[in-house]
Amino acid sequence: MSYFYTLNNRSGNGCTSRYIMQTFEDLNISKQLLSTLKELGLNTPTPVQSDSFALIKSGKNVVGISQTGTGKTLAYLLPLIQEMKFSNQLPPRALILVPTRELVVQVVEAAQPLCKGLSLRVQGVYGGVNLNKQALALQDGVDLLVATPGRLYDLTLNGALRLKEIKSLVIDEVDIMLDLGFRFQLTNIFDLLPEKRQNIMFSATMTEEIDALIDDYFIDSERISIAVSGTPLQNIEQQCYSVPNFHTKVNLLSYLLSEEEFKKVLVFAESKKMADRLFETLKLRNVSKMGIIHSNKSQNARLNAVTDFDEGKNSLLIATDVMARGLDMHEISHVINFDTPLYPENYMHRIGRTGRAKKLGVSILFSTEREQDSKVAIELLMDKEIEELQLPEEVAISHQLIPEERVSPGKSKNHNRNKKTGARGEAFHEKKDKNKKVNMGGSYHREIERKYSKPKTRGDKKLNRKKN
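Residues numbered from 1 in each chain as written. Predicted model: local features only at pLDDT ≥ 70, side-chain atom pairs only at ≥ 80, totals over all residues. Heavy atoms only, no water.

A. Examining the overall build of the protein more closely. What the protein contains, in helices and strands, is 19 helices and 16 strands. Within the protein, the fraction of its 468 residues that count as buried is 49%. Across the protein, every contact between residues at least 6 apart in sequence was considered, and the portion connecting residues at least 24 apart equals 75%. Surface summary for the protein: the accessible area is close to 25,800 Å², and the carbon and sulfur share equals 49%. (Helix = DSSP H or I, 4+ residues; strand = E, 2+ residues; numbered from the N terminus. Buried < 20%, exposed > 50% of the residue type's maximum accessible area, 1.4 Å probe, protein only. Contact = heavy atoms within 4.5 Å. Areas by Shrake-Rupley, 256 points an atom, 1.4 Å probe, with all protein chains shown as cover.)

B. Broad picture of the sheet that holds strand β15 (residues 361–367). Read across the sheet, seven strands follow the order β12-β13-β11-β14-β15-β10-β16 without closing on themselves; strand pairing throughout is parallel. Edge strands, defined here as strands with exactly one partner in the open sheet, are β12 (290–293) and β16 (387–388). Bridge count for strand β10 (residues 236–242) against β16 is two bridges, and the pairing is parallel. Counterpart to Gln 239 in the pairing with β16 is Glu 387. In this fold helix α15 (residues 344–351) packs onto β10, β11 (265–269), β14 (334–337) and β15, with an angle of close to 155 degrees to the strand it touches most, β14. (Pairing = 2+ DSSP bridges. Axes fitted to C-alpha atoms, helices over the stretch in contact; angles between N-to-C directions.)

C. Examining the pattern of salt bridges more closely. Across all of its chains, the model carries 17 salt bridges by this definition. Linking Lys 60 and Glu 222 is a salt bridge whose minimum nitrogen-to-oxygen distance equals 3.8 Å. Taken together, the residues span a long stretch of sequence, with Lys 60 in the loop between α2 (47–57) and β3 (62–66) and Glu 222 in strand β9 (residues 222–229) at a distance of 162 residues. Among the salt bridges present, the one from Asp 143 reaches Arg 93, with a minimum N-O distance of 2.7 Å. (Salt bridge = Lys/Arg side-chain N within 4 Å of Asp/Glu carboxyl O.)

D. Region of interest: the packing of aromatic side chains. Taken as a whole, this structure holds five aromatic pairs when the rule is applied. An angle of 40 degrees between the planes, with centres 5.7 Å apart, marks the rings of Tyr 76 and Phe 202 as tilted. Taken as a pair, Tyr 76 in helix α3 (residues 72–83) and Phe 202 in strand β8 (residues 198–203) lie far apart in primary sequence, 126 residues in all. Its relative accessible area of 0% is what places Phe 202 among the buried residues. With a centroid separation of 6.3 Å and an interplanar angle of 75 degrees, the aromatic rings of Tyr 241 and Phe 366 are classed as edge-to-face. You can see Tyr 241 sitting in strand β10 and its partner Phe 366 sitting in strand β15, a full 125 residues away along the chain. The burial state of Tyr 241 is the same as that of Phe 366; both residues are buried. Linked through ring pairs, Tyr 241, Phe 246, Phe 338 and Phe 366 together constitute an aromatic cluster. Above the face of the Phe 309 ring, Lys 264 is positioned so that its terminal group lies 5.4 Å from the ring centre. (Phe/Tyr/Trp six-rings, centres within 6.5 Å; stacked < 30°, edge-to-face > 60°. Lys NZ or Arg CZ within 6 Å of the ring centre and 35° of its normal.)

E. Fine view of the nonpolar core. Of all hydrophobic cores here, the largest spans 40 residues; its most connected members are Ile 29, Tyr 76, Leu 78 and Ile 96. Elements represented by at least two residues in this core include exactly α1 (31–39), α2, α3, β4 (94–97), α4 (101–116), β6 (144–147), β8 and β9. With sequence-adjacent residues up to four places away left out, Leu 78 is seen in contact with Phe 24, Ile 29, Leu 33, Leu 37, Phe 53 and Leu 114. If you look at the next biggest cluster of nonpolar residues, it comprises 32 residues, including Val 63, Leu 97, Val 125 and Met 177. (Core = buried A, V, L, I, M, F, W, Y, C linked by side-chain atoms within 4.5 Å.)

F. The environment of Gln 139, seen in detail. Structurally, Gln 139 can be placed in the loop between α5 (131–138) and β6. Considering only alpha carbons, one finds Gln 139 and Pro 91, 48 residues apart in sequence, at a separation of 8.8 Å.

G. The arrangement of the packing of α5 against helix α6 (residues 149–157) in detail. In the contact formed by α5 and α6, the axes pass within 11 Å of each other and the chain directions differ by 70 degrees. As the angle between them shows, α5 and α6 are arranged roughly perpendicular. Of α6, the residues touching α5 (which contributes Leu 131, Gln 134, Ala 135 and Leu 138) are Arg 151, Asp 154 and Leu 155. Residues of the contact of α5 with α6, tallied by class, amount to four nonpolar, one polar and two charged. (Parallel < 35°, antiparallel > 145°, perpendicular 65-115°, else oblique. Nonpolar A, V, L, I, M, F, W, Y, C, P; charged D, E, K, R; others polar.)

H. Local environment of the confidence of the model for the protein. With 79% of its residues at a pLDDT of 70 or more, the protein has an overall mean of 82. Strand β2 (residues 16–17) is the least confidently modelled element of the protein, averaging 38 in pLDDT, while helix α11 (residues 246–257) averages 97, the highest of any element. Considering only residues more than four positions removed or in separate chains, one finds that residues 415–424, a stretch of pLDDT under 50, has six contacts. (pLDDT = per-residue confidence, 0-100.)

I. Geometry of unusual backbone geometry. The residue Asn 28 is not glycine, and still its phi comes out positive at about 60 degrees. Within the secondary structure, Asn 28 is located in the loop between β2 and α1. Exposure remark for Asn 28: the relative accessible area of 62% places this residue in the exposed category. The residue Asp 383 is not glycine, and still its phi comes out positive at about 55 degrees.

J. Region of interest: helix α12 (residues 272–284). Between its first and last C-alpha, α12 extends 18 Å over 13 residues, near the 18 Å set by a 1.5 Å rise per residue. Buried residues along α12 sit against α11, β11, β12 and β13 (316–320). (Expected span 1.5 Å × (residues − 1).)

K. Fine view of α11. Between the first and last C-alpha of α11 there are 16 Å, a value that for 12 residues agrees with the 16 Å anticipated at 1.5 Å per step. Within the span of α11, buried status applies to Phe 246, His 247, Thr 248, Lys 249, Val 250, Asn 251, Leu 252, Leu 253 and Leu 256.

Listed below in structure tokens is the structure:
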């Protein structure tokens, strides 16, 4: 497996693509950690580990965009653990937030062997188990705490945990965290943390909500972007269509689904709202054997949708970026990007769902005029142009627009923000005489001012007083 990856800061000065093969010795890792890594059979760092180590170790704020399986956990654990020294203090010094209990267990299991020889204490807390037992376990002290946001907040409100000694905060899988509705808990936790701290964030995908979180809390951050490439690109035939609007996209999708070779199709929508809209529109067109999956669906509905698609009961599955990440289904014939992703790394993640196990796959991208900049960014990341096909004659061009498409480019989708704010003209009627009067402050104030006016020259006020 190989990688495309870029490193740049948030100032927007551009980014430089590179690929450098290093060893853990090149990263100046301590001997104890090197020895542990060798025992674990780890000799060569992944690109995200190479790029992250020095930045995190220096104390800078870091934002890493990297897919699952690229070594994100070690990327932040190694520099954090190396910088920690033995201490008897009870409150944690580093906090790692993850969205699920399974990830808490996974991170703790990765951290424990690294911390063992350094006498550092690792503890994981998550919901679904007794709160008091976890509170008792924290009484002995902890250096590195791994937690889900909800349980962490409960423990702080309970008085069992103090967060004012945190030096480094890591938010892992932040896209899942925000998609599951943890934004409110995160902002509450930020208020409990010291203002002077290092912020580290890792995610497999980028969204506008993540960008907003970065702008609010990750000031002057260095950004690392890693996109898996190599074999998946070689096995995937990439195509694209220029399409004017949503309903024409639906017409094109319906036409493609009628073709025999579209046997098992995974369709990506940009949001939960767009996924629901697409699903309902296709249902009105009598498209059968399809399912939908996003975080607003119940757990049973999501499991059933995945099972039916994997077992072949449904030939079409509509999904959002975040919910599709954990899908590991075989023999997906086509991935259709119904919406062009705003962040090019998400495109790489999407198309990697097809062309697996050395089988050929097909990826198709729909893009409107507004989405052309995002399409160009994808091609720049891959250093490859996507083959553009002409719309089939059978596909009708629709002139019907959805609400989001009626907003002019550069304007907010919130219609209340697009009202005219220019200078207002004069009233259409003449003011009444009583409204033309100017407030002079009252006759009493005018009389006093005339009688006791400021002297024109220095000296006796009586000589300079105005005569009545």
